[in-house]
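Observations on the model geometry
For reference, the chains in residue letters:
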Amino acid sequence: AQSVTQPDIHITVSEGASLELRCNYSYGATPYLFWYVQSPGQGLQLLLKYFSGDTLVQGIKGFEAEFKRSQSSFNLRKPSVHWSDAAEYFCAVGPGFQKLVFGTGTRLLVSP
Amino acid sequence: EAQVTQNPRYLITVTGKKLTVTCSQNMNHEYMSWYRQDPGLGLRQIYYSMNVEVTDKGDVPEGYKVSRKEKRNFPLILESPSPNQTSLYFCASSSSGYEQYFGPGTRLTVT
């Protein structure tokens, strides 16, 4: 069965510092991978997705993620965090609607 | 503006009183889905629909019903709500089955 693990429940990063949010997945075939962001009181917004091809994908708001098949990981990165990036981030895996599985989320706190 | 709308946004009800949460999208998407979000559990899929009159269970369908009579609407029905259905509910739609667009959420409290 497919599953997603986000090992960090909370992460605090200083504004301007770099960020890496971890995501590990378990999936029997080539996965489709996603990162979503949820700001307080809002719905989820897609940051980026990986289907195939280049393993380093660029998303919105300056985020990127790298697919590493050997490590079953799809970590999200940003070189310089802004206070507005404080939110909850979800990694998800699946073939599509039918079996899209979300991780439990990582809450990002940005300190001044 | 392309969007997924949900109503109501907030609802407090009592155990056993039937309720419906509406979901509508204006993007002509074939696929629609309902999720619930609970602390420490992330989002879990309740039901999804591939197209009009085509629906199927997700991971946590117990206690919920859905219908898809029109392409744009996908209501979530709780025939007899219970306190363990207190949660934050999200509707989503997609044209490709992969990139989903989410509504703003409905916070439901069942007392």
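Everything that follows concerns the structure shown earlier in this document.
These lines cover the structure that appears in this document, whether it is placed above or below. (Residues numbered from 1 in each chain as written. Chains lettered and ligands numbered in written order. Predicted model: local features only at pLDDT ≥ 70, side-chain atom pairs only at ≥ 80, totals over all residues. Heavy atoms only, no water.)

Taken together, the contacts link 21 residues of chain A with 25 residues of chain B. Between chain A and chain B lies a buried interface of about 1,800 Å² when both sides are counted; carbon and sulfur atoms form 60% of it. For the pair chain A and chain B, the number of links is zero salt bridges. The tally of links from chain A across to chain B stands at two residue pairs in polar contact (both at pLDDT 80 or more). (Contact = heavy atoms within 4.5 Å. Buried area = accessible area lost by both parts, 1.4 Å probe. Salt bridge = Lys/Arg side-chain N within 4 Å of Asp/Glu carboxyl O. Polar contact = N/O pair within 3.5 Å; in protein donor to acceptor, adjacent residues only side chain to side chain.)

Our next topic: the environment of P39(B). Within the secondary structure, P39(B) sits in the loop between β4 (31-38) and β5 (42-51). With 48 residues separating them in the primary sequence, P39(B) and S87(B) have C-alpha atoms 9.0 Å apart. (Helix = DSSP H or I, 4+ residues; strand = E, 2+ residues; numbered from the N terminus.)

Once that is clear, we can look at the pattern of salt bridges. Residues and elements named next belong to chain A. Here the structure, examined in full by the defined rule, presents nine salt bridges over all chains. The salt bridge partner of R77 is E64, with a shortest N-O separation of 3.2 Å. Separated by 13 residues along the polypeptide, R77 in strand β9 (residues 73-78) and E64 in strand β8 (residues 64-68) bring together distant segments of the chain. Note on R77: relative accessible area 23%, which makes it partly exposed. Three or more residues are tied together by salt bridges with common partners; here these are E64, E66 and R77. (Buried < 20%, exposed > 50% of the residue type's maximum accessible area, 1.4 Å probe, protein only.)

Let's shift gears to the sheet that holds strand β1 (residues 4-7) of chain B. Residue and element names in this part refer to chain B. Read from one edge of the open sheet, four strands run β1-β3-β8-β7, paired in antiparallel fashion. Here the strands that pair on one side only, and so sit at the sheet edges, are β1 and β7 (65-66). For strand β3 (residues 19-25) and strand β8 (residues 76-78), the ladder comprises three bridges, and the chain directions are antiparallel. By the bridge assignment, T20 is partnered in β8 with I77. (Pairing = 2+ DSSP bridges.)

Any aromatic ring pair is given by two values, namely how distant the centres are and how the planes are angled relative to each other. Going through the model one piece at a time under the given rule, you end up with 14 aromatic pairs over all chains. Ring centres of Y36(A) and F102(B) lie 5.3 Å apart, and the angle between their planes is 80°; this geometry places the pair in the edge-to-face category. Here Y36(A), found in strand β5 (residues 32-38), pairs with F102(B), found in strand β10 (residues 101-102), and the two come from separate chains. Assessed through its relative accessible area of 0%, Y36(A) is described here as buried. Its relative accessible area of 10% is what places F102(B) among the buried residues. Put simply, the rings of Y32(A), F34(A), Y36(A), F51(A), F102(A), Y35(B), F90(B) and F102(B) pair up and form one aromatic cluster. (Phe/Tyr/Trp six-rings, centres within 6.5 Å; stacked < 30°, edge-to-face > 60°.)

So yeah, pure geometry; function would need other evidence.
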